[in-house]
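# A closer look at the structure
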Amino acid sequence: MWQTLTGEPHVHALSDVDVLLDVADRADAERAAAFLATQEAATGLKLDGELHLAAVGDLSWRELRQDAPEILLKTLDSLRLVGRDALGR
């Protein structure tokens, strides 16, 4: 977008690809995160982005793949650490 708007070069070989995926539930989010991890490994592109879990919020697909007990959840009006159980089943 910035490259198009400014006419300046912003995209280069080390650029990442930003993604936002809508997911239905936690299981869907975990499948999407696993898919993104395999695609990143297969393509060599850095995939940066988030999963949007309806009625819950947005979370990093990379963070979901880790085993920390809490995960950063973003909504339109908050940013907070929540236990994984807040993501549903």
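Anything mentioned here points back to the structure above.
Scope of this entry: the structure provided in the associated data block. (Residues numbered from 1 in each chain as written. Predicted model: local features only at pLDDT ≥ 70, side-chain atom pairs only at ≥ 80, totals over all residues. Heavy atoms only, no water.)

## Observations regarding the overall build of the protein
Put simply, the test is: Here a helix means four or more residues in a row that DSSP labels H or I, a strand means two or more in a row labelled E, and each is numbered from the N terminus. Exposure classes here rest on a 1.4 Å probe applied to the protein chains alone. A residue is buried below 20% of its type maximum, exposed above 50%, and partly exposed in between. Throughout, a residue-residue contact means that at least one pair of heavy atoms, one from each residue, lies within 4.5 Å. Under the convention used here, a 1.4 Å probe and the Shrake-Rupley method define accessible areas, while residue burial counts only the protein chains that appear. Charged residues are defined narrowly, with Lys and Arg counted positive, Asp and Glu counted negative, and His plus the chain ends left uncounted. Charge positions are represented by NZ for Lys, CZ for Arg, CG for Asp and CD for Glu.
Helices and strands together make up the secondary structure of the protein, namely 3 helices and 5 strands. Its helices and strands in sequence order give the protein the pattern α-β-α-β-β-α-β-β, from N to C terminus. Seen through its C-alpha atoms, the protein measures out along the principal axes to roughly 45 × 35 × 20 Å. Classification of the 89 residues of the protein by burial places 29% in the buried group. Residue pairs in contact within the protein that sit at least 24 positions apart in sequence constitute 37% of those at least 6 positions apart. Carbon together with sulfur atoms contributes 57% to the accessible area of the protein, which is approximately 6200 Å² in total. Looking at charge distribution, the protein has the averaged site of its 9 positive side-chain charges lying 6 Å from that of its 16 negative ones.

## Side note on the pairing of strand β1 (residues 16-23)
Worth spelling out the cut-off: DSSP bridges decide pairing: two strands pair if at least two such bridges lie between them.
Of the pairings in the sheet, the one linking β1 to strand β2 (residues 46-53) comprises 8 bridges and is parallel in character. Opposite Asp16, over in β2, you have Lys46 as the bridge partner.

## Here's the deal with the nonpolar core
Here is the rule we go by: Nonpolar cores are built from buried Ala, Val, Leu, Ile, Met, Phe, Trp, Tyr and Cys residues. Side-chain atoms within 4.5 Å join them into one set.
Membership of the largest hydrophobic core comes to 16 residues, with the highest contact counts inside it found for Val23, Leu51, Leu59, Trp61, Leu64, Ile71 and Leu87. Every element with two or more residues in this core is listed here: α2 (26-43), β2, α3 (61-65) and β4 (70-74). Residue contributions to this core peak at 5 residues, all from α2. Residue contacts for Ile71: discarding those within four places in its chain leaves Leu59, Glu63, Leu64, Arg80, Leu81, Val82 and Leu87.

## With respect to unusual backbone geometry
In this structure, Ala55 takes a positive phi of about 65 degrees despite not being glycine. Considering the arrangement of structural elements, one finds Ala55 in the loop between β2 and β3 (57-60).

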